[in-house]
Amino acid sequence: NDCRFHVGEMAYDVILIPPMETMRESTLKRLRQFADNGGKLIFAGEVANLVDAIPSEKVKSLASNSMQVPALEAVLADALTPYADVRVIKNTGLPHDAALYQLREEDGKRYLFICDTRKEGTKAWCKIEEEAPCEILLNGTWNINLLDTSTGEIKPISSEWIDDTTIIKWVFYPQSHLLIEMISSTEKQTDTLSTCLFLPSPKSIEARTIKHLDDPVPITLSEPNTLILDQPEWRFNGGGWQPAEESLRLRAKLRKSLGLSANMSHPPQPWVEKASKEPLAQLELRHTIATEVPLSGLQLAIEQPETLTIQINGLIIDTTPKGWWVDESIKTLHIPDLPAGKHQLVISLPFAAATHLEWCYLLGDFGVRLAGRHATITKPVRTLAWGSIVHQGLPFYTGNITYHCQAPSSEAALAVNVNQFRGAAISVDLAGKEKPMIAYSPYESIIGTVQNKQNLDLTLYGTRYNAFGALHSSVKQTWSGPPAWVTQGAEWCYEYNLRPAGILTAPRILTAE
């Protein structure tokens, strides 16, 4: 009985009808009733000349008494402006098209979440993008609280009231967001904080740069370094040793030789596979480990070790799991100390239709020098220069790395900027005190004033790609699925196609203002 269009619990002030050729009679009846009650209809583009797929002028008649506009983005946005609860306008006067928002109401308050959906696409990941200074226009007069999703703090922030509109000034960056609480009021709160306090300085990064952090810097790894063992020599039933082959390709080759399906692209998971576990042959895998330094405290990370016989230089090792690494299904075994030189790790197992051959990993306090498909263990990594860790002794390392730096003394507030890195995020710690994390553009953390130089720890949180990804695909993978690990022809390589990891360029110490 009101002038709103009701659908379940929802009620709409305006209905936008897109271009169409035919409309259902039931839909037409609802729209006509809505318009007769004073509701607003906007027809965009072509108006239907059929009703229930039969020629009719009924829809055009309704459209002639409603607003009709071209189906163009700018025109539609202008037509719907009076009905928008939220508008995000750039300082150019144009809408910020990349802003996506959700507005909800609970217990008499409204909560607005806005995210910037811009992606960097083919551009360098973690590159500083052009900022988007905006005005957020809210219908009505509201007092605004910032809900800081990084710290959990709630802070009143400044806004401007003009007529019956609340205006908030904010700057968006690619992948950034804003979450606010809106409290309806006729009296404007005065004890608010300027939004500038929560945003990076508008000055250019060059004008604000005090120094680039020096390198090399001492580092701490959160877990042992890693050497992938995925290309063993092999033999069947005690025959002659065959040339090294990648484990997944080797499984397909062995299955084919036994008259089984060699499909590698879409294999069923082990827990649903009904294939027989009856041994068909005895398989031995031989990995050669080359090291320039003596090794101690080693672990072998491998799946289902209890089903295997494992030898190192002819010595049978205990396959009772001592722990796990990354995933509880990847068990760890103790490996005896090894002198410098070459060593042979031999894994023996019964091969059945249900057998899967997975990569295994040597873990320990060492470095790795990689040349194509050939890896050599070197002395442990204790320092890193700015740049990818792949070429600095950590090609397969996927844990976290803490870079131990020093911040210069300053009576003025400082910020640290890390705009080129490969990892999930970077936590910032100044003299034992946690500072805002670096995860989104413009990749800055305000660290405040610094007394007499202080320790500045930057912890980069790694991703697991360089240990578990499609490392033998010679083409860049833009998706993830079983076929990515078993590419064929020119898309396959025995060399390791690793991704850059770590802090790639020197972090900058900036003035915060």
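Structure shown above.
All of these numbers come straight from a predicted model, not from anything done at the bench.

Honestly, the state of the cysteines in this entry has me stumped. Any pointers?
Linking two cysteines covalently via their sulfur atoms produces the bond known as a disulfide. Within the structure shown, the criterion is met by zero disulfides. In this structure cysteine 115 is not part of a disulfide, and its nearest cysteine sulfur, from cysteine 134, lies 13 Å away.

Sorry, what's going on with the packing of aromatic side chains here?
Aromatic rings in a pair are described by how distant their centres are and how their planes are angled relative to each other. All told, the structure shown has 10 aromatic pairs when counted by the stated rule. A ring pair is formed by tryptophan 492 and tyrosine 494, whose centres lie 5.5 Å apart and whose planes are at 90 degrees; its orientation type is edge-to-face. Joined through ring pairs, the aromatic side chains of Trp234, Phe236 and Phe351 make up one cluster. Across the ring face of phenylalanine 5, the terminal group of arginine 30 is positioned such that the distance to the ring centre comes to 4.3 Å. We note arginine 499 situated over the ring of tyrosine 465; from NZ or CZ to the ring centre the distance is 3.7 Å.

Quick question: what am I supposed to make of the pairing of strand 39 (residues 454–461) here?
Sheet topology note: the strand 33 (residues 401–407)/strand 39 ladder contains seven bridges and is antiparallel. Residue isoleucine 401 lies in a different strand from strand 39, and its bridge partner there is leucine 460. Pairing between strand 36 (residues 425–430) and strand 39: six bridges, direction antiparallel. If you follow leucine 430 over to strand 39, its bridge partner there is leucine 456.

What exactly am I supposed to notice about unusual backbone geometry here?
Leave glycine aside and you will find that most residues have negative phi; peptide bonds, for their part, are mostly trans. For the peptide bond that leads from aspartate 215 to proline 216, omega is 0 degrees, which places it in the cis range. Between serine 441 and proline 442 the backbone carries a cis peptide bond, its omega angle lying at 10 degrees. Within the secondary structure, proline 442 sits in the loop between strand 37 (433–438) and strand 38 (444–450). Residue alanine 53 is not a glycine yet carries a positive backbone phi of 70 degrees. Following the sequence through the fold, alanine 53 ends up in the loop between strand 6 (50–51) and strand 7 (54–55). With a phi angle near 55 degrees, aspartate 163 is a residue other than glycine that sits in the positive phi range. Residue position: aspartate 163 is located in the loop between strand 15 (160–162) and strand 16 (165–172). Aspartate 163 gets classed as exposed once you look at its relative accessible area, which sits at 76%.

Looking at this model, I keep getting lost on the sheet that holds strand 23 (residues 298–303). Mind explaining?
Picture the strands of a sheet paired through backbone hydrogen bonds; they go either parallel or antiparallel. The strand order across the open sheet formed by five strands is 20-29-23-27-26, and the pairing between neighbours is antiparallel. Looking at which strands have only one partner, the edges of the open sheet turn out to be strand 20 (225–229) and strand 26 (323–325). Averaged over all adjacent pairs, the angle separating strand axes in this sheet is 40 degrees, with direction ignored. When strand 26 meets strand 27 (residues 327–335), the two strands line up antiparallel, connected through three bridges. By the bridge assignment, glycine 323 is partnered in strand 27 with threonine 332.

Is there a simple way to think about the environment of threonine 22 in this case?
Mapped onto the elements, threonine 22 comes out in strand 4 (residues 22–23). The class of threonine 22 is partly exposed, set by a relative accessible area of 36%. Taking the C-alpha atoms as reference, threonine 22 lies 63 Å from leucine 229; in sequence the two are 207 residues apart. Not counting the four nearest positions on each side in its chain, threonine 22 is found in contact with Ala48, Leu50, Val51, Asp52 and Ala53. A distance of 2.9 Å separates a polar side-chain atom of threonine 22 from the backbone nitrogen of alanine 53.

What counts and what doesn't
- Residues numbered from 1 in each chain as written.
- Predicted model: local features only at pLDDT ≥ 70, side-chain atom pairs only at ≥ 80, totals over all residues.
- Heavy atoms only, no water.
- Disulfide = S-S within 2.5 Å.
- Phe/Tyr/Trp six-rings, centres within 6.5 Å; stacked < 30°, edge-to-face > 60°.
- Lys NZ or Arg CZ within 6 Å of the ring centre and 35° of its normal.
- Pairing = 2+ DSSP bridges.
- Helix = DSSP H or I, 4+ residues; strand = E, 2+ residues; numbered from the N terminus.
- Buried < 20%, exposed > 50% of the residue type's maximum accessible area, 1.4 Å probe, protein only.
- Axes fitted to C-alpha atoms, helices over the stretch in contact; angles between N-to-C directions.
- Contact = heavy atoms within 4.5 Å.
- Polar contact = N/O pair within 3.5 Å; in protein donor to acceptor, adjacent residues only side chain to side chain.

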